[in-house]
Amino acid sequence: MTNGGGPEAGLAGLAGLAGLAGLAGLGPSAGLAGLAGLAGLAGAQSPLDTESLITTRDGIVGAPLNLDPNIVQGCCEDPANLKRLSPDVRANVFMFELGTRVTYSASCGETATAYLWRVDSKPNQPPKVQARPLVEMTAPTIQQFKDQMAYLSGYADLRQDRGAEILAQLASPVPFLASISFIDPARTPFTIELLNAALRFASYNHMRIKYTIAAKRPIEFSPQVQPMIQTPTHGSLPSGHATEAFIAARMLWKLLRASGTPQYQQDGVWGEMFMRLASRIAINRTVAGVHFPMDSVAGAFLGLTLADFIHEHCDPATQDSTSGKFDGTRFDAADDFDWHQLYGAQDDLQPKKSGPSGNPWATTTQKQSKNEVHSAPLAWLWGKAVAEWQDMPCE
Amino acid sequence: MRIKGKNGSDKRPSGLRWQGVTDEDVLSSALDFRLGQQENFVVQPYREKDDNSGSIWWSALVDLRQTSIAGFLESLDGDLRAEIHIPSDYTREDIKRTFDDQLIVVFATTNLLAALNQSGDRWGVAAVTLGTIIKPEFINQDAKGTNKALPIIKVPNGTVITAVIDDGIAFANDVFRDGLTSTRVYYATLLPTMPGTAPGLASVGMELDKAQIDALLAANTSSMLLDEDRFYQQAGLIDYADSTFSPTSLRRSHGTHIMGLAAGYPMDAAPNDRPILCAILPTRVTEDVSGGSILPSLALALLRLTRQAARFRCKDGSRPPAVFNFSYGNFGGPHDGTSDIARIIEDYFGPDCDTNQELRLVLPSGNGNLSRTHATLEFESGGSRPPIVLDFVAMPDDRTVSEVELWMPYSASDPLPNFVTVRATTPDGLQSGPVDIAAGSHQSLFNDDGIEVARLSFDFAPLPTGRGVITLSLNPTASLTPAPLAPSGTWQIEVTPDAITADQAVQVWIERDDTLPGFRTGGRQSYFNNGDYQRFNRFGAPLAVDPPGTDSPIRRAGTLSGFACGPSPLVVGALVQNDGKMSNYSSPGPTTPARDEPVAYRSGPDASARGDDSLVLDGVISAGSRSGSMVRQNGTSVAAPRVARFTANEMAGGAAGDRAWLQVQAALQDTDFPQPKPAQSRTGGGRMNISVNEISPGA
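Residues numbered from 1 in each chain as written. Chains lettered and ligands numbered in written order. Predicted model: local features only at pLDDT ≥ 70, side-chain atom pairs only at ≥ 80, totals over all residues.

Next up on the list: the overall build of chain B. Regarding its fold elements, chain B presents 13 helices and 33 strands. A compact globule built from 699 residues would reach a C-alpha radius of gyration of about 27 Å, and chain B, at 25 Å, matches this within 12%. Counted over contacts in chain B with a minimum sequence separation of 6, partners at least 24 positions apart contribute 77%. (Helix = DSSP H or I, 4+ residues; strand = E, 2+ residues; numbered from the N terminus. Rg over C-alpha atoms; globule rule 2.2 N^0.38 Å. Contact = placed C-beta atoms within 7 Å.)

Shown next, in the form of structure tokens:
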């Protein structure tokens, strides 16, 4: 040839992409990109999509223009921005809002004690470095755990009956809450976001407390527990499932109450059902062979208290802030888990004392909020979620 | 198959050997075997601390003759007195009363029961029937009988009481309530619950009256919802920490389903003239390899419930009738209406009972029709009379004993004619010597260590049965701890005719030994596997009736529950509602005529009722354990309470509610179903079409 050369590798670059195109089926398609955030896969995009965007641009971009766009700066610290963010991005904002409002310490006495502190600050001001108690949790003794092993054997009899639901409850409690109240991604997306924010915050806290307390799992006490599911590697007390089930149950009940919708106001029955569900989920972990009843007591207590804490940050109208102490060493190991001792659904209240009078194993204190704890992003989410439970006005 | 030893001799790998024994001293050789056997299987918690092996405690029935309870106790030596407890359900009057014969519930040690079995006649004991092993702390030894009269309960005219004896009755279910915190259950006794320790409290179990149940309901109700899990924990029915298991923790429980059919009404349409009494039976004693008989518990339940029923008075001063339902059955027993259970039932429901109050009892006919647990052995009168051989399959992994009973015909001769001679052969071919119709005749199978693992023995069942019985008893075939096990596999029972005539028969039953749904693995049902038993028809469907002229000794006919053979109870079979055919499992008669009776008490059940909705919809719907839930369950168990409900409703209108009445009702209702009527031995008077959705009579 007169040109002396030809395109020997002309298509090689594209061939590389084309080769990858075969994988496109594995990636989330554009239509599912919104969900990718939920799945933790934000940013994943198929090579085929990308190649299309490149070739399309090449086809139409034209010569560079000298443009001076009439663009203004974004609004600083403005909740209005939240609605333009994808849910997974918002989730990080909410987690930050909650996560930075608590701090932590631990002490190792006869049994371990975990201290969760609240760090309150006035809006738009640097935080005051002053921590106030939020939750204090002291582990029961090893003897108490040994005594509670009797429950593991008794509850194991229910495995055949509850196998399916125990497996289904390995993940989020939300689908089960959705069978009691009308939750649906299309109908109540912000409620789901709020519950997920609460669940993340619950796990953020209980995992840290479990780490301090380092309570051994039933499987380490006896070779005859033979749990029907794999025992998680984190500590036994507090029960994460109890914490999460109760935080979600109470948050949801608070939403329904706040909505003002008549059927949610007339009595405590919706809240009672949420609590029965949460209790069932917690007990099912004992049936499965991975938790002591005391773990559920501690978890429920933590979840209920944290739900109030979140609510305080969400709702500018909240008047009270709740703190609580769980002293596991006072819990009678002969007793089973009984959520009624920790919460009254009718009035959405935790009792001041739980357990025998004179020697309660759990106490809560309510103080008037100084209204320092408002979080604008959480208040935005709360408002959206409450609206999802209000009846549409008739035309 | 046998393995040849080095010298060519037969060598049996099992190392088992049979040995003939004659021990005329015991009342029952089979009982002797069971008592001895426990020593090798029972673990510590069931024995008293720091005590020897004599202190396993049992519930039992003692058949006393020509004495009183007080007389019997006084005759026991001082040491033995400490090893027996008479339940406080017997009043001081009951204890003083002298009788000809009576079955008494006792709690006693192995040692004491063995002594009674060894030389019972010294104390007026004719027989001992074992119940189950019971932990000593579950007996309130301080309980004392009183003569205190129970207060009267006033009810409207037209009231009929329903009394249910069953396991796992979730009695707080709203179908048994007439308000959020008001029960229709006037009395519940919880036999599996640890008793209190005060003298005024029951010897075993707990007792709750309506006021106590209502208080529990109120204490566990918030936001109009009853926390049922907590209710049963506080009532003492469930205790996960000490493994007091109750089927009421499960979604489906037998007793709840049954009581729902017998007496359930919507809470907001609850009648005020259908009060309920219930007794909750123990569900399992896991450490008891003997399988455990429910009889002592049933006797106590009947004692308690009939006493409670007597408290009721209608406005007109009369005592309202009570219809009892007991949806339990077994396979064994003499099947002639003279068994312990039949006698106890007749004590309360027979013709000689207190006429102040009409009491009826409804029982299921049993589910053993296809279980291959029954054989009828008949022999030609002359010629060569070959033995009949039964292939008896002892299941592997059976953690409880297995028992085969061969009941001889009745004879007035003394000594009894040697009707037949029986030999047993182990699965590896080791045959026992003969066991004859002679007191004390028995063959024991010993293992390598010289421990007895099986016994073939003759016993005489005293009057009113008055018949000989040869029993093959096997140890469990599996145990999680080292234990003397019986070999599993096909055993052979060879029955050689001797003095038996052509019009007589040896009736054989394998005792029931299976694990019910929801319970831990325990028993596994053994069965006969003779090749000439035809299981399926030519279309491959299970054959529900014996083929005419069958040569097989294994029979469906005669599998009627061993509980349901007495003269008085109303016995109910199960049918498939949509095609009117009998359910395959529903057991038929006939029974054997009792001593001196020209005909048997029954040729089958008295009636049949819905046990299945259709071939594809097994069972019927009734209450689940938790309020608002419905579950499906089948069996003659669910047919019986339907008839109990019907009987209660009709007795409210003045019907007699007895067997004759039921048979007439059944014949009338049979016309609702496709004809022809199934055989009487299976369906009784006819098929009943009973709705349980009737308008509440007194609502």
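Before going further, it helps to examine the overall build of chain A. Within chain A one finds 13 helices and 6 strands. By the burial criterion, 37% of the 395 residues in chain A qualify as buried. For chain A, contacts bridging at least 24 residues in sequence account for 77% of all contacts bridging at least 6. (Buried ≥ 20, exposed ≤ 12 C-beta atoms within 10 Å, placed from the backbone.)

All names here are of chain B. Relative to the helices and strands, S586 resides in the loop between β30 (570–576) and β31 (607–612). Residue classification places S586 among the buried residues on the basis of 33 C-beta atoms within 10 Å. Along the chain, S586 and V572 lie 14 residues apart, while their C-alpha atoms are 9.1 Å from each other. Excluding residues within four positions of it along the chain, S586 makes contact with S365, N369, G573, A574, S608, G611, T636 and R682.

Residue and element names in this part refer to chain A. In this structure, N205 sits in helix α8 (residues 189–213). Classification of N205 as buried rests on a count of 27 C-beta atoms within 10 Å. Along the chain, N205 and A385 lie 180 residues apart, while their C-alpha atoms are 23 Å from each other. N205 has contacts with V102, L116 and L306, leaving out every residue within four places of it along the chain.

So, about the pairing of strand β6 (residues 98–109) of chain B. Residue and element names in this part refer to chain B. Sheet topology note: the strand β4 (residues 57–68)/β6 ladder contains 11 bridges and is antiparallel. Counterpart to V62 in the pairing with β6 is I104. Pairing of strand β5 (residues 84–85) with β6, which is carried by 2 bridges, proceeds in the antiparallel orientation. In the sheet register, I84 faces β6, and the bridge partner there is A108. (Pairing = 2+ DSSP bridges.)

A few words on the pairing of strand β2 (residues 112–119) of chain A. Residue and element names in this part refer to chain A. Here 7 bridges tie strand β1 (residues 102–108) to β2, and the two strands are oriented antiparallel to one another. Following the sheet pairing, V102 is matched in β2 by R118. Between β1 and β2, which follow one another and run antiparallel, lie 3 residues. Bridge count for β2 against strand β3 (residues 131–138) is 7 bridges, and the pairing is antiparallel. Each residue of the ladder has a partner; that of W117, found in β3, is P133.

A separate point is the nonpolar core. In terms of nonpolar packing, the biggest core is built from 220 residues, with A198 and A249 of chain A together with C278 and V643 of chain B touching the most fellow members. Discounting chain neighbours no more than four positions away, the residues touching A198 of chain A are I247, A248, M251, A307 and I310 of chain A. If you look at the next biggest cluster of nonpolar residues, it comprises 45 residues, including A454, A505, V506 and F528 of chain B. (Core = buried A, V, L, I, M, F, W, Y, C linked by C-beta atoms within 7 Å.)

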